[in-house]
Amino acid sequence: MAIKKQHIVFIKAAIWLLALLPLARLVWLGTHDDLSANPVEFVERSTGTWTLVFLLITLSMTPIRLLTGIVWQVQLRRMLGLWMFFYVCLHISTYVWLDYSFLWADIVKDIIKHPYVIVGFSAFLLTIPLAATSNSYMIKRLKTNWKKLHQLVYVIAILAILHFWWLVKKDVTEPFYYAAVLFVLLGIRLYYRYLHTKPAIKMRPTNAEMQTHQAK
Amino acid sequence: MIILNQSKLNPSNIQPSEITPREVFDNRRYFLKAAGFGLAAGSALLFSTKVRAAAAVSGGVTEGAGRLIGRANGPVVAEKMAFKAGTRQKISGYTKTAYGEGEKLSKYEDITTYNNYYEFGTGKADPAVQATLFRPRPWTISIEGAVKKAKTISIEDLLKLAPLEERIYRMRCVEGWSMVIPWVGLPLASFVKWAEPTGNAKYVEFISANDSLSMPGVRSPVLDWPYTEGLRMDEATNPLTLLAVGLYGEYLPNQNGAPVRLVMPWKYGFKGGKAIVKIRFVEKMPLTTWVKAGPSEYGFYANVNPNVDHPRWTQSSEKPIGGGLFGGRIKTKMFNGYSEQVAQMYAGLDLTKNF
Ligand code: HEM
C-alpha cells in the first residue's frame, strides 16, 4: 500500500494529538479533584500503563509489516518510541516528586530494596540512550551500531513486564494481558526470522524514514 | 436493594441476579439518553472517575447497574440513584470516646471508595461498585472450637453485647497508605468474654463470608477463600481491638465490611477480616489467608513496623489519603503509634522474624 508523504505528515500530527490525550485526561481529572482517593497512585499507574502501551504499540509496527507487507507505518516507530519516553519521564517524575517528594535517601533505598522498582528503574535507564539516539544525526553516525543499540528495546519490554508483574499484590490478570501481547509481538518476529533463517528484522530506518529526515 | 428486600416474591425461587431492580429499570431510560450523547458519554468515561464513585456510594444497585452507570454519562444517573437508593443508616446510641481525639479524619468518600476487599474485586474502586448486591441483614455469627458451648449470635444481639463506642483510629495499609477512620463498634474483649473460651483457646480465628452469589470476587481464585484471619488471645482481648459495626456514625457500608469487621489499628489493614461469619477459638496459630498467599511477604502478626520492609513496599513512610497530589509522605510509627497500648504483648518476640 503506497501512501503519500503528506498523508504521513497528517498521520503524525494525529498521533501527536492522540498521544497527548492521556496527559490531558490527567490534567483534567487533577483540576477537577477527580483523581480518586489516592491521586498519586492514580497518576503513577496511569503514566506507567501508558508507557507500556506506547512501548507495545512501537513494537507492533514491524510485526504488522511482516504480517501484511504494509510498510508505511514503520516510519511512525521512532515517534511512538519517543512518546513512550515522554510517558516514562512523567512516570518517574511522579515517583520522584509526587510520591517521594525528592527524598533521595528514601528513593535510593526503595529502588535497591524492591525488585519491581529495580527492574523498572533499569528499564528507564535503558530507554535514555535510545531516546538520545532517536534522531537522524545519530542514526547516520551510528550506522549499523544504531540497529544493535536499539535492540535494547526488547530488554526494556521484558523488564517493563516484570516490573508490572512484580508490583501487583496478587491479581496478575492485567500484567498477564500485556505479557501476552508482548509474547505475540516477539513471537511473530521470531517466526519470520525462522522462516527466512537469515535475520529478517529490519531495525534500520526505512528509506522512507530517511527521506523524511533529509527533508527536514 | 430496596426492591429486592420488599419484594413479596419467594426469595428461594428467584436468584437476586435474575431480578431487575426498579432503579436499573428506571435508569435504562437515562442510560439510553446518555448513550445518545455518544461522544459525550465516551468522554465522560475518559474524563471522570467520580461516576463510579457516585454509583458506588448510592448503594442498592446491582453489580450490572453499577457498571452500566460507570459507563454511561454518569453524573445525572448516579446522583439520582444516590438519592433514591441511599442505604446509609445512622446508628443511634453510641458514645464518643477519647480515642484519636484531634486527629484529622479521612473523608467519608475516600473511606468508602478506596477499599481493599478482594471478595468484591481486586481494584480499589471495585468494592464500592460490586458490593451493592451484598446483604448484611439478616446475619448470624457462629462461635466454635475451644468454647464452653458452640453457639450462634445474631447481629442484633451482637450489637447489644456491650455499649457501642466511637473510636477514631489510624489505619495503615501494608501497601504504604493510611487513613484516619471514625469507627463505631464494641471491644472484641466483651465478645470473647461472652463466648466463654476454654483454657485450650490460645488463638482466635475469624472467617469471612464467602458467598459467590453476592461476592463476585470469590468466583476467582486470587485468594484461598474464605478469607481467614487470626489473633493471639492476648491480642484479641487487648482493649484496642474493636469489632466495628459502623463508621462516621452510620452502619458500615458493604464495601467496608458490613455488618461486622475487625479493627486492630496497630496492625496492617489486611488483618481486619470483614463480614465475619464464624469465630473459632483454637489451640494452634491459624494459617491466615495472606500468609497462605505469600508466606515470605505476609506474616501472622503483621504489626505495623517501619523497620521491617516488605519486599514490595517501603514501610518506613506512608502516604496519608486525602493529602492530594502534593501531600507527600509521613514517617510510619512503630505499631502505627500505638506502642503504649500494645508493645508489651510482643516483649521478647523477634519482630524481624515474626513480621
Ligand atoms: C520502561 C519503564 C517503565 C514502565 C514501562 C513502567 C510501567 C509501569 C506500569 C505498567 C505500572 C502499573 C500500572 C498499573 O498498576 O495499572 C507501573 C507502576 C509503577 N511504577 Fe513503573 N514503569 C517503568 C519505570 C518505572 C520507574 C523507573 C520507576 C521508579 C523508579 C517506576 C515506579 C513505579 C511505581 C512506584 C508504580 C506504582 C506502584 C503502585 O502504586 O501500584 N516505574 N509502572
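Not measured: the values here are computed from a predicted model.

## Details of the confidence of the model for chain B
In low-pLDDT segments, the atomic positions of the prediction should not be examined closely.
Residues and elements named next belong to chain B.
Step number 1: Residues of chain B with pLDDT of at least 70 account for 76%, and the chain-wide mean is 82.
Step number 2: A low-confidence stretch, residues 53-86 stays under pLDDT 50, and its non-local contacts, those more than four residues away or across chains, total 74 contacts.
Step number 3: Interface scoring of the predicted complex returns ipTM 0.78; its pTM is 0.80.

## Remarks on the coordination of the iron atom of the ligand
Ideal values differ by geometry: the angle at a metal is 109.5 degrees with four tetrahedral donors, but 90 or 180 degrees with six octahedral donors.
All names here are of chain A.
Step number 1: Every protein donor of the iron atom of the ligand is accounted for by His91 (NE2) and His163 (NE2), and the metal-donor separations fall at 2.0 to 2.1 Å.
Step number 2: Geometry at the iron atom of the ligand is octahedral, judged from the six donor atoms that bind it and their angles of 86 to 179° at the metal. One end of the pair, His91, is in helix α3 (residues 77-99); the other, His163, is in helix α8 (residues 152-167), and 72 residues separate them in sequence.
Step number 3: Judged by its relative accessible area of 17%, His91 falls in the buried class.

## Some details on the environment of Thr68(A)
Residue and element names in this part refer to chain A.
Step number 1: Here Thr68 is to be found in helix α2 (residues 39-68).
Step number 2: By relative accessible area, Thr68 is classed as partly exposed at 48%.
Step number 3: Polar contacts involving the side chain of Thr68 include one to the main-chain carbonyl oxygen of Ile64, which spans 2.6 Å.

## Here we look at the interface of chain B and chain A
Quite often, the size of an interface is put as the accessible area lost when its parts meet.
Step number 1: Each partner contributes residues to the interface: chain B has 37 residues there, and chain A has 35 residues.
Step number 2: Interface of chain B and chain A: buried area, both sides summed, is about 3,000 Å²; carbon and sulfur atoms make up 53% of it.
Step number 3: Between chain B and chain A we count four salt bridges in total.
Step number 4: Between Asp309(B) and Lys113(A) there is a salt bridge; the shortest N-O distance is 3.6 Å.
Step number 5: Counting across the interface, chain B meets chain A through twelve residue pairs in polar contact (both at pLDDT 80 or more).
Step number 6: Among the secondary structure elements, those contributing two or more residues to the side of chain B that touches chain A are α3 (39-47), α12 (289-293) and β12 (317-320) of chain B.
Step number 7: Classifying every residue of the side of chain B that touches chain A gives 16 nonpolar, eleven polar and ten charged.

## What to know about helix α10 (residues 188-195) of chain B
All names here are of chain B.
Step number 1: Taken together, the buried positions of α10 are Leu188, Phe191, Val192 and Ala195. Projected onto a plane normal to the axis of α10, the buried residues spread over an arc of 100° and lie on a single side.
Step number 2: Just downstream of α10 lies Glu196, where phi reads positive at about 55°.

## Section: unusual backbone geometry
Step number 1: Following Trp225(B), the chain continues into Pro226(B) via a peptide bond in cis, with omega recorded as -5°.
Step number 2: Within the secondary structure, Pro226(B) sits in the loop between β6 (203-208) and β7 (228-232).
Step number 3: Here the residue pair Ala258(B) and Pro259(B) is connected by a cis peptide bond, since its omega of -5° sits within 30 degrees of zero.
Step number 4: Mapped onto the elements of the fold, Pro259(B) is located in the loop between β9 (250-251) and β10 (261-263).
Step number 5: One non-glycine residue, Ser36(A), lies in the positive phi region at around 70°.
Step number 6: With respect to the helices, strands and loops of the structure, Ser36(A) is situated in the loop between α1 (5-31) and α2.
Step number 7: Judged by relative accessible area, which is 38%, Ser36(A) ranks as partly exposed.
Step number 8: Located in the positive-phi region is Glu196(B), a residue other than glycine, with phi close to 55°.

## A look at the pattern of salt bridges
Step number 1: Counted according to the given criterion, the structure contains 25 salt bridges over all chains.
Step number 2: A single salt-bridge network, built from bridges that share partners, covers Glu144(B), Glu205(B), Lys278(B) and Arg280(B).

About the thresholds
- Residues numbered from 1 in each chain as written.
- Chains lettered and ligands numbered in written order.
- Predicted model: local features only at pLDDT ≥ 70, side-chain atom pairs only at ≥ 80, totals over all residues.
- Heavy atoms only, no water.
- pLDDT = per-residue confidence, 0-100.
- Contact = heavy atoms within 4.5 Å.
- Donors = N, O, S within 2.8 Å, 3.2 Å for Na, K, Ca; no water.
- Tetrahedral: all angles 85-135°; square planar, octahedral: opposite > 155°, others 65-115°.
- Helix = DSSP H or I, 4+ residues; strand = E, 2+ residues; numbered from the N terminus.
- Buried < 20%, exposed > 50% of the residue type's maximum accessible area, 1.4 Å probe, protein only.
- Polar contact = N/O pair within 3.5 Å; in protein donor to acceptor, adjacent residues only side chain to side chain.
- Buried area = accessible area lost by both parts, 1.4 Å probe.
- Salt bridge = Lys/Arg side-chain N within 4 Å of Asp/Glu carboxyl O.
- Nonpolar A, V, L, I, M, F, W, Y, C, P; charged D, E, K, R; others polar.
- Arc of directions from axis to C-beta.

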